[in-house]
Every structure is written in structure tokens, then in C-alpha cells.
Amino acid sequence: MATASAAQKGWLARMRGLSRGERRENAWGWLLASPWIIGFLGFTLVPMVASLYLSMTDWDILTTPKFTGLKNYSYIFTGGDPVVLKSFGITTYYSVVSVPLRLALGLLIALLMNQNVKGIFVFRSVYYLPAVLSGVAVAMMWRWIFNSEFGLLNYALWALFRIQGPAWLINRQWVVPALIIMSLWDVGSTMLIYLAGLQGIPTDLYEAATVDGANSWHKFWKVTLPMLSPVIFFNLVNGIIGALQTFTQAYILTEGGPNNASMFTMLYMYLHAFRWFNMGFASAIAWLLFVYILILTVVVFRSSVGWVHYEGELRRG
Amino acid sequence: MAVQNRFSRRQFLTAASLAAGGTLLAACQPKVVEVEKVVTQIVKEEVIVEGTPQVIEKVVEVTPPAEKPVEVRYMYWGTEQIEAVNSQVEFYKDLAPTTTLTAQLVPWDQYWDKLWTALAGGDAPDTFWLNMSNFASLVTKDVLMNLQPSLDADEALQADWDANFDSLKAAYVLENDAYSWPRDYDTITLAVNLSLLSEAGLPFPDSANDFAAWDWATCKQYAQAMTKKDGERTTQYGLVTENTSQTGWFNWVYSNGGTVLNEDKTEFTMNEAPAVEALREYVSYRREGMSPGSEALATMGSSDLFVTQRVGMMHIGSWNVGELNDKVTDFEWDAVPIPYAPTGKSICMIHGLGNTIAKGTKVAEAAFAWVAYLGSFAGSGVLGNSDTVIPSRQDTAPLWFNPTFKPEHRSLFLTWTDKSVFFPNTAEPTTAQWNKYITDELTLVLEEGKDVQEAMDSAKASIDAILSGKGI
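Residues numbered from 1 in each chain as written. Chains lettered and ligands numbered in written order. Predicted model: local features only at pLDDT ≥ 70, side-chain atom pairs only at ≥ 80, totals over all residues.

Student: Any chance you could explain the overall build of chain A here in plain terms?
Tutor: On a plain count of helices and strands, chain A comes out with 14 helices and two strands. Over its C-alpha atoms, taken along the principal directions, chain A stretches across nearly 85 × 60 × 40 Å. Taking all 317 residues of chain A together, the buried fraction comes to 28%. The contacts of chain A with a sequence gap of at least 6 include a subset with a gap of at least 24, amounting to 66%. (Helix = DSSP H or I, 4+ residues; strand = E, 2+ residues; numbered from the N terminus. Buried ≥ 20, exposed ≤ 12 C-beta atoms within 10 Å, placed from the backbone. Contact = placed C-beta atoms within 7 Å.)

Pasting the structure below:
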């Protein structure tokens, strides 16, 4: 007969110490939290643990996985499949450019949308609308915009600047910049979060700054930005995670081409998993991406100590 | 001693085949189906003697028992064949009223993801289309029903199987066992816009001796004549050369004596001289401005460019002929073979699909009966009359070549079956995995002017590594 562990004994002792009402309340708590707990276990934790194991196997999804240890990882790092590391490079390049652009453009639009003018709600809706459209439909629309011969973008470049635009989605140098431009399309969601942050900044701070003789730039730099820094931080973390998980645009518009020039890590993982049915290898890519995102997120969190200011926060020095 | 009666499909299918004539004639007049239902059946008795099940050899004719209603799911990808598939389903309803067939169209882009994951999850459709690229791979993974025991046990079924073209049967047999029942086959030609040809002042290519004069030089001359420019801008192209194998470079490579892989499929061979020469010829249409580029093709597709008269010629698979006939309304078109290479050969890719049963199906007998119907003269005949794909049976394939169907030289799709080659598919690694390297390298050749030899040497390094098992 198994004996109860120290932890179990402790839990039992705590439960015995509770009144009937408290125990009932406890049970209700677990019951009400159970949908999330079951969902977390079934759709997150168990698949994650399974994929960690699968990343150390050779599995074609139809036959039994064959344990291969760290072969998949060593294959990646020894250049067995150079496209994997290339895809990380492309994804990083895309993220490094698109995330700051989205943050800046979102903030700029939010500042405009925060003005007290007549009909501002209409403008806010218009700027937010693109964010609610489906990714596939948007990608199809952008395919036409990027068309080098009939596309709106090249037409505008020629009409306004007499510049012959490139073949955006066919040229290896221009395909990622094209996708970065496209990423600005749904900046409305970032804008909305900024806008909520802007409206939460107490007006007395601006009044005090005015009394102190601050001009608009000073107010923006010394009041708005510090007060908005938690929101910027939130958008930055979400933006990095979202950009590193880019998939739909590349899948619909380029399929990773030309010659893997737009092969994002998520897309390459998908191709291995569901085109070539190398699920073990795809799991290894997934775990590398997970670790990569984790490291970047930790770095951003650590850096936030120096530039994110929370209301009411006291700092030394 | 326990006796278990098992419902057999044998006589039922025989009846279905007998009804074939009527069904086939009726196919020309849909919904007026007069099927004589001679539904006698045979019961095989499975006897358990001392715990060992045995099937008694004798068969007993009985009156038809009340069949339990069953649902059979059928998954396919051909949007141009919706009507044909629905017709087959409709006809089958009359033959097997207790079988509810659910035909599910899944677009090509999602088809294989869906099939593989459904097979892995144990929820695969009972029956589905299969192509040759995936056949060997799925057989080796033991997820397809082996049709051979049923074929061996029934002469009528065996006769239906034997009616298929030999090459198609061979393609769906692995180690003497059949795992997919051929349904159709495809060959490739070039489609020519006769109006644009006439505008360019050219006659239709000489059809004497199987178009023997239609060689690379003549084809290029025709493409050049049909290419039109307005200043720097090309308004009309001569021939579409896409970065694709079946309706593209494969045909040119093999016509010139080139190959994709060696005999035992262990080495990539498209970097050898005949293939490289053919690819250079193929690519020259792009480089010399006679073919639209990848972007135009990604936006419109070769078929739309042809229908809108922006190109004079394109490669066309037999499965697209009916659809093209429907779309082309304001000009005439005809077919010519793949141009003869300097080797004196014109070779096209042949391919064919099969109807397949998932090994894990819970309605094995009903699924088999449906697949056998599709392979029968009746089922295949419906397909032949639909002007979609060429049926795989030798006796129903001629239906597709109905002389009243356009274009005039439609028969080339049949003539060239003797001059056709299968794509060298592999089971492990899958074809898709190494084929990508060819496409990637050819993209650089077509879009960025990379040298063909250099590109194919580069592809060889990657593909040989995969084929030798050094890859993932």
C-alpha cells in the first residue's frame, strides 16, 4: 500500500483545518477554474511535453515515432538543413524592422486619434477596421497591390516619384520588405491599445507641465512617453512574439519563395510537419523557436527596468 | 459451433456491372436511369471450428437481406470534376440505396494535410482520391486497404481491374498487391489559340507523321510570331513556360533524353547534359520575353492568360480540356504535341489517380463496393462521358475522345500515352521533399538568370543527400 507523501499529508492537514464552508468554497473554486485548467492541460501543457519528446524522434505521423535523441537538433546546428537557420535569420530581420515600425506608426496614429476634433470616432473606426479583416483575404488583396505590372504600389511610386517599383514578391531582396510594408496594414490594433493608454494619462500632469513652461515636445517627451511606457512595453512584447510567429502572409503570398527568401520559421516548420510529414523535425524547430522567443522576451523584460515607468512607482537614485 | 452470416458484395457488384450498359447509356440523359436491379447475393459462412475462424468455400445464393444503412465518405480534390463525381454518386444511389455517399471536395492545397492528419487521427474518409506521388509512401505506412485479396476472390472484379491500362495498374500495385483502383489518366499537350495563330500569319502545325515537323525550332518560331509588344511592354506572349513539372519542364527534359532520377532512384540526374540542354531551351522562352513571368502567372494563372488571349500557347493536361472548352467562347483552340527535341522524340508526362480505401474504415464492404463500382464499366463510363478526365479503363477511355468534343486534335492525348513517362516518385523520402529543391533552383534560373547547369548541380547536392538517407 502506498504511503502518502509529505506534500500530500500537508495538503490533507490543511484541508482538515478548513471549515465545511471553506472546503465547499474551495471545491467551487476548482470547479469554476476547471474549464481553463482542462484546456491548459489538454491544449497547451500536454501537447508541449509531447512535442518536446517528439522533437527527439523521427516521426512521419502515420507510423510509430522512432527515438533518435538529439539528432534533429544536431542536424539543424551542423547545417544539415541550412534553411532552418536561414529561416530564423529572415524571421529576425522581419521582426527587427517591422516591430519598431509598427510601434512608431501605431503611436503616431494614436496621438492623432487622441485629438479632440469633431467626428474623431469615425476616424478611429476607419483606422481600426483593417485589423478585423481575415489574414487570408488581406494577403490576397496585397498580392494585387504588390503586382509589379498592375499593382497600386508601383503605380503610386511611378505617379508620385517617377520610380519604377521592383517585383516585390518575386525579387529575393524585396520580398521581406514587401511583407514588412504589409505588416503595417493592421497597425490599428496597436493604435487602439496606445489610445487607451493615452486616455488614461491624468490631464493634471499636462497642466503642471504647462505651468512649468513646457512646450508640446517637452510634454510628449517628459509626460506622454513615460506615462505610456507600460503600454509601449506591452505592445513591444506582443509585437515581438507576433512577428516571430509570422505565417499567413508568407504562406499565402510567397510560400517561402523565391528560393526561401521569405521562409519564415513558422512556415518552414509547417512545411516539414504537414507537407513532408517530418513531425519530429518540425517539433525540434518549434522548440527552438520557443526558446528563441523566450530568450528575447526575457531580455526585453530585463531591459524594461530602465525604461518602463509605472504610475505611483517609487525609484531610488 | 457459431455461424456468422456475412453480407458479401460480390453478386451485388455483378448486378451493378450488369446494369452498367443501361447506366452508361443513361449517362447521356442524366436522371432517366432505368436500372434492372438483379440483386442476388451470396453469403459466405464464416465458421469457427475449435476457436479458429474459417471461411467455407461454398457460396449460397439467398434472397437479399435487409441491408443496414451505411455512410461512405469519399474525398476528392478536383473542382473541375464536381459534376462528374456527383453523377457517379447519383447513379450509385440507385444501385445501393442503403449506402449514403458523402462526397467531400477538399481543394488541392489542403488535400494532403487533411488526408494525412485524418489518417493519423483515425478519422480518414473511407474512400478517397490518391495520386502516384503519395501512393508508395502511404502503402509503406500501412494505412491503405489491400484490394488484392478481394480481386483474387472474384473473377468479375478481377476482370474490371484488368480492363485498366497496364501502366496504370502497375502504378498502383506494390509487391504484387493492389492498393488503389485506377480511375483516370492524364497526358500533356500544348494548347494553341487558333485566332492568334491566324493573326500571326501562321498555319496550324503540320500534323503529318504525328506532327513530326513540330520541333523545338518550329515551336519557338511560332512563339516568337505570337509575341507582341507595345513599346517596352509585352501585350501578348507566345508560350507559357511555368516552373512546374507536369505541365512544364518535365516534358521537355524527357523528350531530350534527360531524366530526373537514375534507375534505382538514388541519384538526381537533371544536371546531366540532355536535361540541362532541354531546360535551357525551356527557360529561353522566359529570357527572350516570349513567356509571361512568375508574377503574372501567380496573379492570373496560365489558363486565365490563355482564355483572355494574352498568351498564344500553353501546356495543358487532359483533365483541363473540358474546363477550357467551357471558358473559351470567343476563339477556337486546338492541341499540338510537346515539340520534338533534337533527339527526334516528343515525350509527355503521364499520371493517373486512383480510388483508395482507408485501411481503418469501419465500413470496409460498402467502401469496397463503391470503389469497385467506380472501377466498373458503369462508373468509369460516367466519367468518360463527363468531358473531364480520361477514364483509366481501356473500354471507357474512348468515351472521352468523342469526336463531337473539342478540340479537333483531342486524340493526341491518347496517341501520346505510348510516348509518355511517369514521374519518378519515391516513398521515403516523399517526392515533395526533394522536388522542392528543383523548383527552388529553377526559380533562380527563371527569375534571376542563374545558369541552368549551376542550378542543377546545386539541386543535385541537396537532393542526393536526401535520397541517400542523410537528410531528415
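So much for the structure itself; the text now carries on.
Student: What should I look at first to understand the interface of chain A and chain B in this one?
Tutor: Bring the parts together and some accessible area is lost; that lost area is often taken as the interface size. On the chain B side, the residues contacting the 24 residues of chain A number 18 residues. Taken together, the elements giving at least two residues each to the side of chain A that touches chain B come down to α3 (71-77) and α13 (265-275) of chain A. When grouped by side-chain class, the residues that make up the side of chain A that touches chain B number 11 nonpolar, eight polar and five charged. (Nonpolar A, V, L, I, M, F, W, Y, C, P; charged D, E, K, R; others polar.)

Student: Would you take a moment to explain the sheet that holds strand β16 (residues 333-336) of chain B for this structure?
Tutor: Pairing between the strands of a sheet comes from backbone hydrogen bonds, and it takes one of two forms, parallel or antiparallel. Residue and element names in this part refer to chain B. The mixed open sheet is built from five strands, whose spatial order is β13-β14-β15-β12-β16. Where the open sheet ends on each side, the last strands, each with one partner, are β13 (228-230) and β16. In this sheet, adjacent strand axes meet at a mean angle of 30° when their direction is disregarded. The strands touched by helix α11 (residues 216-226) within the sheet are β14 (233-239) and β15 (311-317), with β14 carrying the most contacts at an inclination of about 155°. Contacts from helix α12 (residues 245-255) reach β12 (188-193) and β15 within the one sheet, and its direction differs from that of β15 by about 95°. (Pairing = 2+ DSSP bridges. Axes fitted to C-alpha atoms, helices over the stretch in contact; angles between N-to-C directions.)

Student: Hey, could you run me through the packing of helix α3 (residues 82-95) of chain B against helix α18 (residues 377-385) of chain B in this one?
Tutor: The angle between the axes and the distance between the axes are what describe a pair of packed helices. All names here are of chain B. Contact geometry of α3 with α18 gives a least axis separation of 9 Å together with a crossing angle of 150°. Our classification of the angle between α3 and α18 gives roughly antiparallel. For the pair α3 and α18, the sense of crossing is right-handed. Facing Ala84, Ser87, Gln88 and Phe91 of α3, the residues of α18 in contact are Ala378, Gly379, Val382 and Leu383. Grouping the amino acids of the contact of α3 with α18 by side-chain chemistry returns five nonpolar, three polar and no charged. (Parallel < 35°, antiparallel > 145°, perpendicular 65-115°, else oblique. Left-handed = near helix turned anticlockwise from the far one by under 90°.)

Student: Honestly, helix α14 (residues 279-307) of chain A in this entry has me stumped. Any pointers?
Tutor: Spacing of three or four residues puts side chains on the same side of an α-helix, whose turn is 3.6 residues. Residue and element names in this part refer to chain A. An ideal rise of 1.5 Å per residue puts 42 Å on 29 residues; α14 measures up with 41 Å between its terminal C-alpha atoms. Every buried residue of α14 is accounted for by Met279, Gly280, Phe281, Ala282, Ser283, Ala284, Ile285, Ala286, Leu288 and Leu289. Of the surrounding elements, those touching the buried residues of α14 are α2 (20-54), β1 (57-58), α3, α4 (82-113), α11 (216-244) and α13. (Expected span 1.5 Å × (residues − 1).)

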